[in-house]
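Each chain, written out:
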Amino acid sequence: MGRDFSFDDCGRAFTCLPVEEPGTPAEALVCNLDSLLGTMTHRLCVGSPPGVWVCSTDMLLTVPSTPGIGWDGFQGVRVIAVPGSQMYARSHGVYLTDEQLSLFFDIVLCMARGMTEEDFVKGGGDASVRSARSVLWTALHAFPLSMACIPDASYDYMTTSASDHIRSLTLLPGSASHLRFCKTAHSHVDRPCLLEDGSSVTNCLLEGAVRLAAGSVIQHCHLQGPLEIGPGCLLSGLAVGSSPALQGCPLRDIVLQGHRVRLHDLPCRVFTLTGRLDDWQSPAKEATYLNVPWAEFFHRTGIREGDLWDAETPQRSRCLLSARLFPVLHACEALGLDDVLWLLAPAAVAGKRLARWRTAWRMSWQELLPCLDKAAELDARQALFFLQGQRKVRAVLLGRRDSSLLPLARSAVHEGYHEAVLGTLDEVASTAGDAGIAARALACIAEVLGCMARGEGGLRSGPAANREWALAFGRLESGDIAGGVRELAAERQKWMSRPALLVRAARHYEGAEQILVRQAVMSSCQFVTVEQADLPPLGHWVQVVCPARLDLSGGWSDTPPITYEHGGAVVDVAVLVDGCRPIGARVRRISEPELRLVSLGGTSRSEAVAELVCRELEHLQDYCQPHAPGALLKAAFICTQVVQFPSQKPLQAQLMESFGGGFEVHTWSKLPHGSGLGTSSILAGAVMASLYRAAGKAASTESLIHAVLHLEQRLTTGGGWQDQVGGLVPGIKIGRSKAQLPLRVEVEKIPVPDSFTQTLNNHLLLVYTGKTRLARNLLQDVVRNWYARLPSAVQNADALVSNAEECAQALRQGNLLLVGKCLDRYWQQKKCMAPGCEPLAVGRMMDALRPYVYGQCLAGAGGGGFLYVLTKVPQQKEALHQILAKTEGLGNFSIHSIAVDTSGFSVEVVGCDLKDGAHPREDMAV
């Protein structure tokens, strides 16, 4: 594990490096041993046969990603060599080589060509070594020995020079290294701007104004400012109680360390102080202490040689290593950092501290080394790691940063610090005063609980309706976030005993998070403005017919919470399918004080598929259960405030007082369930538009977009804003939302060249895949991954938005080829956001069509529904049908024409008779 090391109590192998590895499953400090194992596993050993590897841990090793070692047919022993200068080689072991031979150390030497048994055994010194060499010769001499030299590799021995050690932690590794050093690694720093470039902070908590100069290193410290640390310093192992002693103390070119030692059964804290330029083993007559000659140090402090070394100690042995400089215990007083810092003080101050220093029991570094408590040191580093981790949790959440906390959660669970992390998350959720931040904190608690289940206890996605959690949910629904978080935490304690309970608790935390997401999204209500309009006559239908929508790029970025935490952009097209607007609703007032909710077949002329009559408010109470009969229509009555719910006033009384009767609603859609063309959201927009108008109100398109957002949150289906933007705003457009609350959607129509709309119509086709998809589980997984801020999810969200802007530009230019590339890129992004959304049959279908299209993508969330393709040649409906008909394993598919709807949805008051000739022709293109 390496010999004793002056600058890390745990030795060279466990010296921490200023490295963060964001791609690792669990967050942890990176030490030299980790680096060496990574180098050997992923670079040196790749392709090697089974065997034993021997590696020193006394050095920092840098190897290129492809070292060029040939392992084909290899047998025997191979040594790995890196080039070095003659000056460097004088202090280290070297290989003397020809094309095939190497000589190095005792074990390797016996396999070298040109070595005889007699010479090898004789070179062993005493009898025991000669005997061991004889055994080695017999066992190993027959093995062939070869060397692999890696020209671009480097070997940096970790010396006892403080300058070398500081340099190794502050200089960036060469390009060949797999490590990337950073200024702050696994640390929370209140004022990062005070850390100069070329400094290094690892596993630290720096509070307040802590200024760190270039060329200085702080490791494993908890410090409070104001502090100023000059260049050339190494500080390690200092607790927060050391901060007052450091304030105002000039620190430059010094090494200041706090050590945990154990004297028999007595644990102690000891501080050591040395200079950056000091040599541990040079005789005092020739050496320095605190970077000045010993004689100058003695003169300034009043310390004498007899205070540090026994009289019988030879002059050549009187060195820094053996000097009893460092106080360990005092008969009357507690010792602290002041008891070594005074050694830096000017003579006037030093005189006051000398007597106390002399009466303390002191030890040299040589005497301290065997007493170092490595287990206690590792425990303290771990405790500090999770303390700064808790600050990181708070900073990431409150600062709305796109940093993943999942690796830290895994580490906390594995190391038993989960309660501390849960407490921090509770605190953030209850005090943030922001529903969006609180929702993310609750999602993080769900992740911690899921990690605690360790892969057991069932699926994370599932119901969250246990009555024991109802009180907490009720507080959150009422807006009492702090009270709700407290109730959640109290209930959580009852569900921690086994994996099945932990998973169910995680589900309920995700349910609580969804409540807060709904509240955050419902902030968009302030962008819904409704004006008074003439009340249509009793019995007169108000009818709305809408196009479907195609999402050409950017989908998922409109989904809460991504849309208000990251910002979203989606390019949508309103389309006619087979020449008609496929989605519609109509509403009329009726004399009976009731609500008649009718779902028709594919068109407004179809027979009723389902019919429901609501006469009591209780009949509306399941409006928030998406699968309940008529849930969307019930939610529409509540969200448009045509009906007040909950209310002390009965439903019939409300209807008679405000409207002189009730309402009848019919809805229809020609599109299959799970089509991916935005049916449910567009239908919600159609229902709300017709309901507003039938109730004597009018709402703008912008208001309807935000009203549908509100409705879908009340309905608890979640969902974003792209569907209603696509179906309610005519033509080709890009919708955008900023990374902020309240959530506001802004729509920009995309101007395209003359005749390009017709070109799109000629080249776009819809292919029904025969597979329906349910977006709910997809949505849960996407939101979970987003809240975990998995790097892939964050990068993909960035890519979705940038691709949407590229697609919009391609449309402005009328560039079909570039639009097709955006579609293909968009499909890859969808698959990254929701893995598993490409069924096998759909993959076959896309493979068959690829040679004939510029681009293709499944509409909506994927998983099934409609595939839309942008063909290279216009008018390819029949040709594509023939191609797919010859492709095996597709099942039932159909191909449909689509055209850009440049007029948008229509609202008409059409009278009370909808039979025969009086029927409006909503099935025809307008």
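You'll find the structure just up there.
Residues numbered from 1 in each chain as written. Predicted model: local features only at pLDDT ≥ 70, side-chain atom pairs only at ≥ 80, totals over all residues. Heavy atoms only, no water.

**Concerning the overall build of the protein**
Moving on, step 1. When you go through the protein residue by residue, the secondary structure sums to 31 helices and 35 strands.
Moving on, step 2. Taken along its principal axes, the extent of the C-alpha atoms in the protein is 120 × 70 × 50 Å.
Moving on, step 3. Counting only residues that meet the buried cut, the protein has 54% of its 926 residues in that class.
Moving on, step 4. For the protein, the share of sequence-separated contacts (at least 6 apart) that also reach a separation of at least 24 residues comes to 67%. (Helix = DSSP H or I, 4+ residues; strand = E, 2+ residues; numbered from the N terminus. Buried < 20%, exposed > 50% of the residue type's maximum accessible area, 1.4 Å probe, protein only. Contact = heavy atoms within 4.5 Å.)

**Things to note about the nonpolar core**
Moving on, step 1. Among the nonpolar cores identified, the biggest contains 178 residues, and Leu442, Leu595, Phe663 and Leu811 are the most heavily contacted of them.
Moving on, step 2. The biggest single contributor to this core is helix H16 (residues 435-452), with 14 residues.
Moving on, step 3. Beyond its immediate sequence surroundings of up to four residues, leucine 595 is in contact with Leu612, Val613, Cys614, Leu620, Phe637, Val643, Leu651, Leu655 and Phe663.
Moving on, step 4. Listed in part, the 75 residues of the second largest apolar core include Val217, Leu273, Val340 and Trp365. (Core = buried A, V, L, I, M, F, W, Y, C linked by side-chain atoms within 4.5 Å.)

**What to know about the sheet that holds strand E15 (residues 266-275)**
Moving on, step 1. Strand order in the open sheet formed by 6 strands is E5-E7-E10-E13-E14-E15, with mixed pairing between adjacent strands. Where the open sheet ends on each side, the last strands, each with one partner, are strand E5 (184-185) and E15.
Moving on, step 2. In terms of strand pairing, strand E7 (residues 200-202) meets strand E10 (residues 217-219) through 3 bridges, oriented parallel. Paired with serine 200 across the bridge in E10 is valine 217.
Moving on, step 3. Sheet contacts for helix H6 (residues 162-170): E7, E10, strand E13 (234-236) and strand E14 (254-263); angle to E10, the most-contacted strand, approximately 80 degrees. (Pairing = 2+ DSSP bridges. Axes fitted to C-alpha atoms, helices over the stretch in contact; angles between N-to-C directions.)

**Details of the side chain of aspartate 339**
Moving on, step 1. By the element assignment, aspartate 339 lies in helix H10 (residues 338-341).
Moving on, step 2. For aspartate 339, a relative accessible area of 6% puts it in the buried group.
Moving on, step 3. A distance of 2.8 Å separates a polar atom in the side chain of aspartate 339 from the backbone nitrogen of glycine 336.
Moving on, step 4. Residues in contact with aspartate 339, not counting those within four places in the same chain, are Pro327, Ala334, Arg353, Arg356 and Trp357. (Polar contact = N/O pair within 3.5 Å; in protein donor to acceptor, adjacent residues only side chain to side chain.)

**Points about the packing of aromatic side chains**
Moving on, step 1. Applying the stated criterion to the full structure yields 19 aromatic pairs.
Moving on, step 2. Centre to centre, the rings of tryptophan 294 and phenylalanine 297 are 5.9 Å apart; their planes meet at 90 degrees, and the pair counts as edge-to-face. Of this pair, tryptophan 294 and phenylalanine 297 are both found in helix H8 (residues 294-301), 3 residues apart, which corresponds to roughly one turn of the helix.
Moving on, step 3. The class of tryptophan 294 is buried, set by a relative accessible area of 3%.
Moving on, step 4. Summarising the aromatic geometry, the rings of phenylalanine 659 and phenylalanine 663 are spaced 5.0 Å apart at their centres and angled 75 degrees between planes, so their arrangement reads as edge-to-face.
Moving on, step 5. Looking at phenylalanine 659, the relative accessible area reads 11%, which means it is buried. (Phe/Tyr/Trp six-rings, centres within 6.5 Å; stacked < 30°, edge-to-face > 60°.)

**Considering the packing of helix H19 (residues 499-521) against helix H24 (residues 701-714)**
Moving on, step 1. Relative to each other, H19 and H24 sit at 160 degrees, their axes nearing to 9 Å. Comparing the axis directions of H19 and H24 gives the class roughly antiparallel. Here the hand of the crossing between H19 and H24 comes out left-handed. Each of Val517, Arg518 and Val521 in H19 lies in contact with H24, whose residues at this interface are Leu709, Gln713 and Arg714. (Parallel < 35°, antiparallel > 145°, perpendicular 65-115°, else oblique. Left-handed = near helix turned anticlockwise from the far one by under 90°.)

**Focus: the packing of helix H21 (residues 631-639) against helix H23 (residues 679-694)**
Moving on, step 1. Relative orientation of the contacting elements H21 and H23 amounts to 45 degrees, with a least axis distance of 10 Å. Taken together, the axes of H21 and H23 are oblique relative to one another. For the element pair H21 and H23, the recorded crossing hand is right-handed. Of the residues in H23, those touching H21 at Leu632, Leu633, Ala636, Phe637 and Cys639 are Ser680, Ala684, Val687, Met688, Leu691 and Tyr692.
Moving on, step 2. Of the residues belonging to the contact of H21 with H23, the class tally is 10 nonpolar, 1 polar and no charged. (Nonpolar A, V, L, I, M, F, W, Y, C, P; charged D, E, K, R; others polar.)

**Some remarks on unusual backbone geometry**
Moving on, step 1. At the junction of phenylalanine 645 and proline 646, the peptide bond is cis and its omega measures out at -5 degrees in the coordinates.
Moving on, step 2. On the secondary structure map, proline 646 appears in the loop between H21 and helix H22 (651-659).
Moving on, step 3. At the junction of leucine 741 and proline 742, the peptide bond is cis and its omega measures out at 0 degrees in the coordinates.
Moving on, step 4. On the secondary structure map, proline 742 appears in the loop between strand E29 (732-737) and strand E30 (745-749).
Moving on, step 5. If you check the backbone angles, aspartate 578 has positive phi at about 50 degrees while not being a glycine.
Moving on, step 6. Position of aspartate 578 among the secondary structure elements: in the loop between strand E23 (568-577) and strand E24 (583-590).
Moving on, step 7. Here aspartate 578 falls in the partly exposed class, since its relative accessible area comes to 38%.

**Overview of the environment of asparagine 892**
Moving on, step 1. For asparagine 892, the position within the fold is in the loop between helix H31 (877-885) and strand E34 (894-900).
Moving on, step 2. Here the alpha-carbon distance between asparagine 892 and glutamate 367, two residues 525 residues apart in the chain, equals 83 Å.

**Things to note about the environment of valine 609**
Moving on, step 1. Structurally, valine 609 is set in strand E26 (residues 608-614).
Moving on, step 2. Sequence separation of valine 609 and valine 598 is 11 residues, and the distance between their C-alpha atoms is 7.6 Å.

**Concerning a nonpolar patch on the surface**
Moving on, step 1. A grouping of Leu266, Leu329 and Trp361 is seen on the molecular surface, where their side chains present a nonpolar patch of about 270 Å² in accessible area.
Moving on, step 2. By the element assignment, tryptophan 361 lies in strand E19 (residues 361-363). (Patch = residues over 30% accessible without salt bridge, like charges linked within 9 Å, V, L, I, M, F, W, Y side chains within 5 Å. Areas by Shrake-Rupley, 256 points an atom, 1.4 Å probe, with all protein chains shown as cover. Salt bridge = Lys/Arg side-chain N within 4 Å of Asp/Glu carboxyl O.)

**Remarks on H22**
Moving on, step 1. For H22, the full list of buried residues reads Leu651, Gln654, Leu655 and Phe659. Angularly, the buried residues of H22 cover 95 degrees about the axis, an arc narrow enough to put them on a single face.
Moving on, step 2. Those residues of H22 that are buried lie in contact with E24, strand E25 (595-600), E26 and strand E27 (662-669).
Moving on, step 3. Positioned one or two residues after H22, glycine 660 has a phi angle of 70 degrees, which is positive. (Arc of directions from axis to C-beta.)

**Details of the sheet that holds strand E6 (residues 188-189)**
Moving on, step 1. Read from one edge to the other, the open sheet built from 3 strands follows the order E6-E8-E11, with strand pairing classed as parallel. On the outer flanks of this sheet lie E6 and strand E11 (222-224), each paired with one strand and no other.
Moving on, step 2. By the bridge criterion, 2 bridges tie E6 to strand E8 (residues 205-207) in an arrangement that is parallel. By the bridge assignment, valine 189 is partnered in E8 with leucine 206.
Moving on, step 3. Here helix H13 (residues 374-398) sits on the sheet in contact with E6, E8 and E11, set at roughly 55 degrees to E8.

By themselves these figures say nothing about function.
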